[in-house]
Amino acid sequence: VQLVESGGGLVQPGGSLSLSCAASGFTVSRYAMSWYRQAPGKERELVASISSAGGSTKYADSVKGRFTISRDNAKNTVYLQMNSLKPEDTAVYYCNGHYRFLSREYDYWGQGTQVTVSS
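Source: prediction; values computed, not measured.

A. Just the pattern of salt bridges, in detail. In total, this model carries 4 salt bridges according to the counting rule given. Salt-bridge contacts for glutamate 45 lead to arginine 37; the nearest nitrogen and oxygen are separated by 2.7 Å. Accessibility expressed as a relative area gives 35% for glutamate 45, which makes it partly exposed. In this structure arginine 37 comes out as buried when scored by relative accessible area, which is 5%. For arginine 37, the salt bridge goes to aspartate 89, with nearest N and O atoms at 2.9 Å. Of the two residues, arginine 37 is situated in strand β4 (residues 32-38) and aspartate 89 in the loop between β8 (77-82) and β9 (91-101); the sequence distance between them amounts to 52 residues. Of the two residues, arginine 37 and aspartate 89, both sit in the buried class.

In structure tokens, the structure reads:
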């Protein structure tokens, strides 16, 4: 099982980035998939999530209207489109896959990708 994030980098305030999270070893459409981020000296926080069934989405208040999470089942990949980036969006972004049914629970993490918003 593996989650591999890509797409991070350095961007100016107001710019955009698109993160990708490619999964192997499990099917993303059967898992709740999420993006978290962790800034230096801060706790990891949930940024956005997409449910397994139906694909409903949720966002942190700080990114609503600017970030969009999506999923491509054919590519087994989850995306995070980030627009109107702010310096406070600077963090390491992690992809997470979570499955829970009855007594079974699985939780997978990627290695993270750095996003830096700076002029």
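B. Region of interest: unusual backbone geometry. In this model, asparagine 76 sits at a positive phi of 55°, which is unusual for a non-glycine residue. On the secondary structure map, asparagine 76 appears in the loop between β7 (67-72) and β8. Although it is not a glycine, serine 84 sits at a positive phi angle of roughly 50°.

C. Region of the structure containing the environment of tyrosine 99. On the secondary structure map, tyrosine 99 appears in strand β9. Overall, the relative accessible area of 26% leaves tyrosine 99 in the partly exposed class. Sequence-distant contacts of tyrosine 99, that is, excluding residues within four places in its chain, are made with Arg30, Tyr31, Arg104, Glu105 and Tyr106.

D. Focus on the pairing of strand β11 (residues 113-117). The two faces of β11 differ: Thr113, Val115 and Val117 on one face are buried, but Gln114 and Thr116 on the other face are not. With 3 bridges joining them, strand β2 (residues 9-11) and β11 adopt parallel strand pairing. Directly across from valine 11, in β11, lies its bridge partner valine 117. Strand direction decides the pairing type here: β9 and β11, joined by 3 bridges, are antiparallel. Following the sheet pairing, alanine 91 is matched in β11 by valine 115.

E. Seen up close, the packing of aromatic side chains. Counted by the stated rule, this structure contains 7 aromatic pairs. Joined through ring pairs, the aromatic side chains of Phe26, Tyr31, Tyr99, Tyr106 and Tyr108 make up one cluster. Above the face of the tyrosine 94 ring, arginine 44 is positioned so that its terminal group lies 3.8 Å from the ring centre. Its end group placed over the ring of tryptophan 109, arginine 44 keeps NZ or CZ at 4.7 Å from the ring centre.

How each quantity is defined
Residues numbered from 1 in each chain as written. Predicted model: local features only at pLDDT ≥ 70, side-chain atom pairs only at ≥ 80, totals over all residues. Heavy atoms only, no water. Salt bridge = Lys/Arg side-chain N within 4 Å of Asp/Glu carboxyl O. Buried < 20%, exposed > 50% of the residue type's maximum accessible area, 1.4 Å probe, protein only. Helix = DSSP H or I, 4+ residues; strand = E, 2+ residues; numbered from the N terminus. Contact = heavy atoms within 4.5 Å. Pairing = 2+ DSSP bridges. Phe/Tyr/Trp six-rings, centres within 6.5 Å; stacked < 30°, edge-to-face > 60°. Lys NZ or Arg CZ within 6 Å of the ring centre and 35° of its normal.

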